[in-house]
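Chain by chain, the residues run as shown.
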Amino acid sequence: MRGAQPLAVGLRGWLALLVVLLVLLAGAGAAALLLSDVRHAAAARLDDLAQTSTALVVAASDAGASEGAAAQAAQVSALGGQLRALARTDAEQRAVEREVAAAQAWVHRAPPSAPPSAPPSAETSGAPSDLLAAHQALVEGVAAEQTDLREQQARVRDTSLVVVGLVLAGALALTLLLAVRVRRGLVAPLADVAAVLGALTSGDHARRADSGRGPAEVRAVARWVNALADEGARTRTAAERSAALRSLASEVGRLARDPIDPQGSLAEALRVLGEGLGVDRAWVRLVDGAQGAPWGPRGGTGGRAHQASRPTGAAMAPLQGSWAREGAPPVVEDVGDVAEALPDWLQRVWEADAHFSVTDLAALVASGSAEPATVDFAERTGATAVLLVPVGAGEAAVGALTVFTHDGPRTWTDEEVDLLRSVASDLGRAVVVTRLLAGSEALVEQLRELDVRKSTFLATVSHELRTPLTSIAGYVEMLREGGAGDLDDGVDRMLAVVERNTVRLRVLIEDLLALSHIEDGAPRGVHEPVAVGDLVREVVDSHRGPATASGVHLEVDVDLDAELVGALRVTGDPASLGRALAGLVSNAVKFTPAGGSVLVRVLRDGPHCLVEVVDTGIGIPLAEQGGLFTRFFRASNATALAVPGAGLGLTIARSLVEHHGGQLVIASTPETGTTARVLLPSAVPAEAVGAPS
C-alpha cells in the first residue's frame, strides 16, 4: 500500500506539468498572434507615413499650387499634421519635421504669380531640393524601418515556431510518459482485477486479486473482489458441508431402518454418523419400557422384562448401540442414579421439539448451573462437548441419540443438529415399524394357526360325515329297491327326498374336501393328455337328467374340425378338469329358470382351448360380482329364490383351472344370463393345427 501513494502523487505532478505546458503553448500562440497584430499595425503605419510624405511633397509642389496659395498652404499644413501624428520614433519625428519645414518653406517662398513653367529663381531653387532631400530621407528611413520590422517578424516567427515545437514535443513526451505511468499504475492493477474476476467466473475459485497495487480506488475494488471470492468460498464450503450432511443423514437413516439385521445395521449407522460428524462417540439409549425396540440391550437387565409398557418414571435401559473412534478414552456407560429421572426429562424435550447441546461441558459443570444428569454425564464420559436429541415414536420419547467429543469445546451447527434430528426420526420410525412388524407377525401367526385348525376341522368333519352319509345312502337305496319289502308310494316319495338330500350332502362334503385339498397345496391327480370335447360331453350327459327335470334345454357344441386335428387337447388331470367343468354346468342349470337354455361350447382360441358355458339364467347383480370367487359366496338373488348351494363351486373351479395354467372369467348381466369362459393351454401348438380360429 506504500507503493500506491507515490503513484497518485506522481500522477498529479505529471498532470500539473502537462497543464503548465499546455498553458505555455496557448500563451506562446497568443503572444505570436499579438506580436503579429502589432507588426501589421506598425507596417501599416509606415506605409501611411510614406504615402502621406509623398502626398505632402505633391501638395507643396507646383501641382498643389493650382488650387491657390491659401489652399495649398492649408493642405500642406494638414498633411504635415498627419505626418507628425504618424511619426513614432525620434528619427521619424526629426525626418518629418525636416520634410514639413521644407514643404512649408517651399510654399511660402514661391512667388504666387510666377508661371508654373518658369524656371526657378535663385531665391527658390533650394526649397524643392530640400523638400525632396527631406522626403528621400524620410522614405529611406521608413524603408529601413520596414526592413527591420520584417526581419523582426521573421525572427519572432522562427522563435515562436521553435518554442511551440518544443512545447508540443514536451507535451507529447509528457503525455506518453503519463500514459505509461497510468498503464503501469492503474491499467495493470485493473487488468489483474478483471483477470481474477474472469478466473472466478470460470471456476478457478482459488484466485485472488493483489490489493496492494494501484490507486486507492483500485485497491478498494480488489479488496471487495477478494471479499466476495472469500464469501463465495465460504458459501460453497457450507453448501458442500450441507450436501455431505444430507447424504450422511440418508445413509445413516437407511442403515437404521434395516429390518434384516437391526443390531448390526445400528452399529454401522453409528459408525458412519460418528465418522461423518467427526465426533469421538455416538450412542443410542432407549427408555427401559420402550415397546418394540428393534435393538436388543447390549447387556444387563431391563430388556424384554420391561417391554410391556412405558410407565412414567421408567429408567433408562443399557446402551442399545454405541460407537467410539479408535483411541478414544474409556468411559462408563451406565447411567447411574439419574436413570429414573431421564425418561421424564426426555419426554419434556420431545414434546417441546427441542434438543440438548453444550459447546463447553467442562465450563458448564464448573459454573455450577448444570443439572445433576449433566454433571453425571460429564463425570462418567469425560465429554467436553455434547449434542443429544430425543428419539420418539408417536407422542412418546422412547430414547436418546447422543454424540460427544473428548478433545475440547465444539460449536454444534444447525446442519449438525438437523442431521441428528433426522437420524433420531429414522430411529423412531424403526421402533414404530418394529412394533408393527411384531404385531403383524403375531397376527399372521394367529391367522395361520386358525387356518390350520379350520382346514383340519373341515377335513375331519368331512371325513366323519362321509361314513354315516354313505351308510344312509346305502340303506335308502336298499329300501327303495325293495330290500325290506314293498313300499307304498308315499314312503317311496319320502325316501326319494332323503336320497336327494343325501346327494346334496355328499356334494357339499366333497366340495369341502376339495377346498381343503386346494388350500393345503396343489390339487391331487396325475396330468395326462385330455380330450376336452369328450370330457365336456360326459359332463353334459351327467347333467341332462337334472336339466330335463328343471325344464332347461341343455346343449353341447364342439368344434369337430378342431377336434379332428387334435386342437382340443390339453394336458391335465381329467378328474380335476371334469370337476371344474361340472361345477360350471351345474351352476348354469341351477340358476336358469324353466324354459331357459344352457349351451356348452368347445373351440380353439389361438394357443388355448376355450370352453364356454352360456346360460339364460337370472344372472348376478353387478354390485356383487366382485365377490364371485370368494368362498361361500351367494348372490342375493340366488338366496332370495332359495336356490340350493354352498357357494363353493366357483372358488373350486377357478382354483382347479388355474392349477392347470388356465383362466376362468365370468361375465354376467342380471335377468339376462351368465357366460363362464375357461381358457386352457392347448397341448398342440397353433402351428401344428393351422391358423388359429
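You'll find the structure just up there.
Conventions and cut-offs
- Sequence order as written defines the numbering, with residues in each chain counted from 1.
- Local features are withheld for residues below a pLDDT of 70 in this predicted model, meaning they are given only at 70 or higher, and side-chain atom pairs are given and counted only at 80 or more; totals for whole chains, interfaces and linings count all residues.
- Side-chain numbers here rest on the full set of heavy atoms in the structure, without hydrogens or water.
- Any carboxyl oxygen of Asp or Glu within 4 Å of a side-chain nitrogen of Lys or Arg constitutes a salt bridge here.
- Note on conventions: DSSP H or I runs of at least 4 residues are helices, E runs of at least 2 residues are strands, and numbering of each starts at the N terminus.
- Remark: exposure states derive from per-residue accessible area (1.4 Å probe, protein chains only) relative to the maximum for the residue type, with buried under 20%, exposed over 50%, and partly exposed in between.
- It is the directions from the helix axis to the C-beta atoms that the arc portrays.
- Contacts are assigned to residue pairs with any non-hydrogen atoms lying within 4.5 Å of each other.
- Computed over the protein atoms alone on a 1 Å grid, cavities are sets of points where a 1.4 Å probe fits but cannot get out and pockets are open sets with protein on both sides within 12 Å along at least five of seven lines; a residue lines them when it has an atom within 4 Å of a point.
- Grid points are joined across faces, edges and corners, and a volume is the space filled by probe spheres set on the points.
- Just so you know the grouping, Ala, Val, Leu, Ile, Met, Phe, Trp, Tyr, Cys and Pro go in nonpolar, Asp, Glu, Lys and Arg go in charged, and all remaining residues, Gly too, go in polar.
- Each pair of strands is called paired provided DSSP finds at least two bridges between the two strands.
- To define axes, lines are fitted to C-alpha atoms, for helices over the stretch in contact only, and angles between the resulting N-to-C directions are given on a 0 to 180 degree scale.
- Any two of the Phe, Tyr and Trp rings considered here, Trp counted by its six-membered ring, make a pair once their centres fall within 6.5 Å; the pair's planes then place it as stacked at under 30 degrees, edge-to-face at over 60, or tilted in between.

Draft legend 1. Spotlight on the pattern of salt bridges. Taken as a whole and assessed by the stated rule, the structure comprises 16 salt bridges. Note that E268 is salt-bridged to R271, the shortest N-O span being 2.4 Å. With E268 and R271 both in helix α7 (residues 262–277) and three residues apart, this pair spans about one turn of that helix. For E268, a relative accessible area of 31% corresponds to the partly exposed category. D541 is the salt-bridge partner of R544, the closest N and O atoms lying 3.2 Å from each other. When its relative accessible area of 34% is taken as the criterion, R544 is described as partly exposed. Connected via shared salt-bridge partners are R601, D605, E612 and R677.

Draft legend 2. View of helix α8 (residues 342–351). Among the residues making up α8, those that are buried are L342, P343, L346, Q347 and V349. For α8, the buried positions fall inside an angular range of 165° around the axis, keeping them on one side. Those residues of α8 that are exposed and angled more than 90 degrees off the buried face are R348 and E351. Just beyond α8, the residue with positive phi is D353, at close to 55°.

Draft legend 3. Representation of the side chain of T374 in the model. With respect to the element layout, T374 can be found in helix α10 (residues 372–381). Dropping the residues within four chain positions of it, T374 is found in contact with F356, L361 and L364.

Draft legend 4. Highlighting empty space enclosed by the protein. Applying the stated criterion across every chain, the model contains one cavity of 30 Å³ or more. Its boundaries defined by the atoms lining it, the largest cavity holds a volume of some 30 Å³. Secondary-structure elements contributing two or more residues to the lining of the largest cavity are α13 (532–542), α16 (574–590) and β10 (608–615). Counting residues per element, the lining of the largest cavity draws most heavily on α13, at three residues. Counted by class, the lining of the largest cavity contains eight nonpolar, no polar and no charged residues.

Draft legend 5. Main features of the sheet that holds strand β7 (residues 553–558). Strand order in the open sheet formed by five strands is β7-β9-β10-β12-β11, and the pairing between neighbours is mixed. If you trace the sheet from one side to the other, it starts and ends with β7 and β11 (663–669), each paired once. Each strand axis lies, on average, 15° off the axis of its neighbour in the sheet, ignoring direction. Docked against the sheet, α16 engages β7, β9 (597–605), β10, β11 and β12 (673–681), running at close to 25° with respect to β10.

Draft legend 6. Structural detail: the pairing of β9. Burial of the side chains of β9 is restricted to one face: V598, V600, V602 and R604 are buried, whereas none of S597, L599, R601, L603 and D605 on the reverse face is. In this sheet, β9 lies alongside β7 in parallel orientation, the contact comprising six bridges. Each residue of the ladder has a partner; that of D557, found in β9, is R601. Taken together, the eight bridges between β9 and β10 define a ladder with antiparallel strand orientation.

Draft legend 7. A look at the packing of aromatic side chains. Per the stated rule, a full pass over the model turns up four aromatic pairs. Between W283 and F404, the aromatic rings sit 5.2 Å apart at their centres with planes inclined by 85°, giving edge-to-face as the arrangement. Taken together, the positions of W283 in strand β1 (residues 281–287) and F404 in strand β5 (residues 396–405) put the pair 121 residues apart, joining distant regions of the chain. Here W283 and F404 have matching classes, each one buried.

Draft legend 8. Representation of the sheet that holds strand β3 (residues 356–358) in the model. Read across the sheet, five strands follow the order β2-β1-β5-β4-β3 without closing on themselves; strand pairing throughout is antiparallel. Each of the sheet's edge strands pairs with one partner strand only, and the pair in question is β2 (316–324) and β3. With strand direction ignored, the average angle separating the axes of adjacent strands in the sheet is 15°. Direction of pairing for β1 relative to β2: antiparallel, over a ladder of six bridges. Residue pairing in the sheet places R281 in a bridge with A324 of β2. Along the sheet, α7 contacts β1, β2 and β5; its crossing angle with β2, the most-contacted strand, is approximately 55°.

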